[in-house]
Amino acid sequence: MDALATVTYPGTKKNLVESEMVADNLRINGMKVSFSLIFPRDTDPFMKSTLKAAEAAIHYHVSKEVEVDITAESKSKPRPEPGMMLPQVKNVIAVSSGKGGVGKSTVAANLAISLARLGYKVGLLDTDIFGPSVPKMFDVEDARPYAVEKDGRQLIEPIEKYGVKLLSIGFFVRPETATLWRGGMASNALKQLIGDADWGELDYFILDTPPGTSDIHLTLLQTLSITGAVIVSTPQQVALADARKGIDMYCNDKVNVPILGLVENMAWFTPAELPENKYYIFGKDGCLNLAKEMHLPLLAQIPVVQGICDSGDEGRPAALDTESPTGLAFLNLAQAVVTMVNRRNREKEPTKIVKVKE
């Protein structure tokens, strides 16, 4: 104990004894010693360095010949296994696209708000670790989630705005700083936002996924039982080509996540001064034709209007104004998603988590 009292735990700036981290299972048998160190949580960033420092202190202050066996324990309960993380969430919806810049985050944010306005309990997770946009779209860039104690675990409390529970890596990093992380770090951060957060009871858990098919998508498929996917595209042929890849990812035999339908974003442009006019600047009915070809429903066609961009930048998504053409389009989208989810749940078994050998 004298040797361990020389080791400072960075989390408290006190030594291991003062921090009451030495468990009462200390055993000495000749030149063998075994005990546990109790850390605040199983993801403690100082765990490995503290264990090594404790062993080195015993060798230095007692004897180099001592055989040391230290195990790490946690005050908090471990994170639930994949598939068991969100027991109170009824439906998990992935809003996805094969291509960036098609308005996927705009659709995800407005879909979440529209579902909340229909009376459902909704959560929105920004899974784009490298380009988070949800904090700005909801005007909560300065928000900082705090931890709450629940069932023996320290959990992140989501930010709530417009009736939607929100989490994003953007709450924990500086907005002007690039997130230079390898895939494994990004995946671990995403798992924390899912499994170490107090999402509570939700009817719909919306995942705003990054563009393309990446580590993040694989992590989601390995972590959550996704009820269905909503594919977003513009009418452009180049966007539709990538949308096909997004559809193929979810329809893959190893994945088998049902496609709830397609959303054609930027379907046409309507100027504010000529609300009856439609200008098909990105092509006409491209997503509609793809939906027919793939035998999938077209859930909505969302027009481009001046207000939709402004509202997103100002943190007041268009869905808040159900009197506007765009707000009405998103409300219709939400109703279509509810219909398709109910049909999917009646006709199909729950999605199984993807098991992939690393």
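Residues numbered from 1 in each chain as written. Predicted model: local features only at pLDDT ≥ 70, side-chain atom pairs only at ≥ 80, totals over all residues. Heavy atoms only, no water.

## So, the environment of Gly-286
The topology assignment puts Gly-286 in helix H7 (residues 286-294). Note: C-alpha distance between Gly-286 and Glu-201 (85 residues apart in sequence) is 38 Å. Ignoring anything within four residues of it in the chain, the contact list for Gly-286 reads Pro-235, Leu-240 and Glu-264. (Helix = DSSP H or I, 4+ residues; strand = E, 2+ residues; numbered from the N terminus. Contact = heavy atoms within 4.5 Å.)

## Overview of the packing of aromatic side chains
Overall, the coordinates contain seven aromatic pairs when judged by the stated rule. Plain terms: the ring middles of Tyr-120 and Tyr-204 are 5.3 Å apart, the flat faces sit at 90° to each other, and that makes the pair edge-to-face. Note that Tyr-120 is positioned in the loop between helix H2 (104-117) and strand S7 (122-126) and Tyr-204 in strand S12 (residues 202-208), a separation of 84 residues in sequence. Residue Tyr-120 is classed as partly exposed on the basis of its relative accessible area of 29%. Ring pairing ties together the aromatic residues Tyr-9, Phe-39 and Phe-46, which thus form one cluster. Between Lys-284 and the ring centre of Tyr-280, over which it is positioned, the NZ or CZ distance is 5.0 Å. (Phe/Tyr/Trp six-rings, centres within 6.5 Å; stacked < 30°, edge-to-face > 60°. Buried < 20%, exposed > 50% of the residue type's maximum accessible area, 1.4 Å probe, protein only. Lys NZ or Arg CZ within 6 Å of the ring centre and 35° of its normal.)

## As for the pairing of strand S13 (residues 228-233)
S13 sits mainly inside the fold: six of its six residues count as buried. The alternating pattern of S13 places Gly-228, Val-230 and Val-232 on one face and Ala-229, Ile-231 and Ser-233 on the opposite face, and all of these are buried. When strand S6 (residues 89-96) meets S13, the two strands line up parallel, connected through four bridges. Bridge assignment links Ile-93 to a residue of S13, and that residue is Gly-228. In terms of strand pairing, S13 meets strand S14 (residues 259-269) through five bridges, oriented parallel. When the sheet's bridge partners are listed, Ser-233 is paired in S14 with Glu-264. One crossover worth recording links S13 to the parallel S14 by way of helix H6 (residues 237-251), and it is right-handed. (Pairing = 2+ DSSP bridges. Right-handed = clockwise from strand over helix to strand, strands pointing away.)

## Considering the sheet that holds strand S4 (residues 32-39)
With respect to topology, three strands assemble into an open sheet ordered S3-S4-S5, the strand pairing being mixed. In this open sheet, the two strands that pair with only one neighbour each are strand S3 (27-29) and strand S5 (67-74). Between one strand axis and the next, the sheet turns by 15° as a mean value, whatever way the strands run. Bridging between S3 and S4 involves three bridges; their strand directions are antiparallel. Directly across from Asn-29, in S4, lies its bridge partner Lys-32. Seen against the sheet, helix H1 (residues 47-61) touches S4 and S5 and runs at an angle of roughly 150° to S5. (Axes fitted to C-alpha atoms, helices over the stretch in contact; angles between N-to-C directions.)

## Section: the nonpolar core
Soluble globular proteins: nonpolar side chains tend toward being buried together. Among the nonpolar cores identified, the biggest contains 84 residues, and Leu-124, Phe-138, Phe-205 and Ile-206 are the most heavily contacted of them. Not counting residues within four places of it along the chain, the set of residues in contact with Leu-124 comprises Ala-108, Ala-109, Ala-112, Val-134, Phe-138, Val-164, Lys-165, Leu-166, Leu-167, Trp-199, Ile-206 and Asp-208. Listed in part, the 19 residues of the second largest apolar core include Val-7, Leu-16, Leu-37 and Ile-58. (Core = buried A, V, L, I, M, F, W, Y, C linked by side-chain atoms within 4.5 Å.)

## Points about a nonpolar patch on the surface
Where nonpolar side chains cluster on the molecular surface, the patch consists of Leu-274, Tyr-279 and Ile-281 and spans about 280 Å² of accessible area. When you line up the elements, Leu-274 lands in the loop between S14 and H7. (Patch = residues over 30% accessible without salt bridge, like charges linked within 9 Å, V, L, I, M, F, W, Y side chains within 5 Å. Areas by Shrake-Rupley, 256 points an atom, 1.4 Å probe, with all protein chains shown as cover. Salt bridge = Lys/Arg side-chain N within 4 Å of Asp/Glu carboxyl O.)

## Quick look at the pairing of S5
Judged from the eight bridges that link them, S4 and S5 form a sheet pairing that is parallel. Note that in S5 the partner of Lys-32 across the bridge is Glu-67.

Shape is all these values report; function is a separate question.
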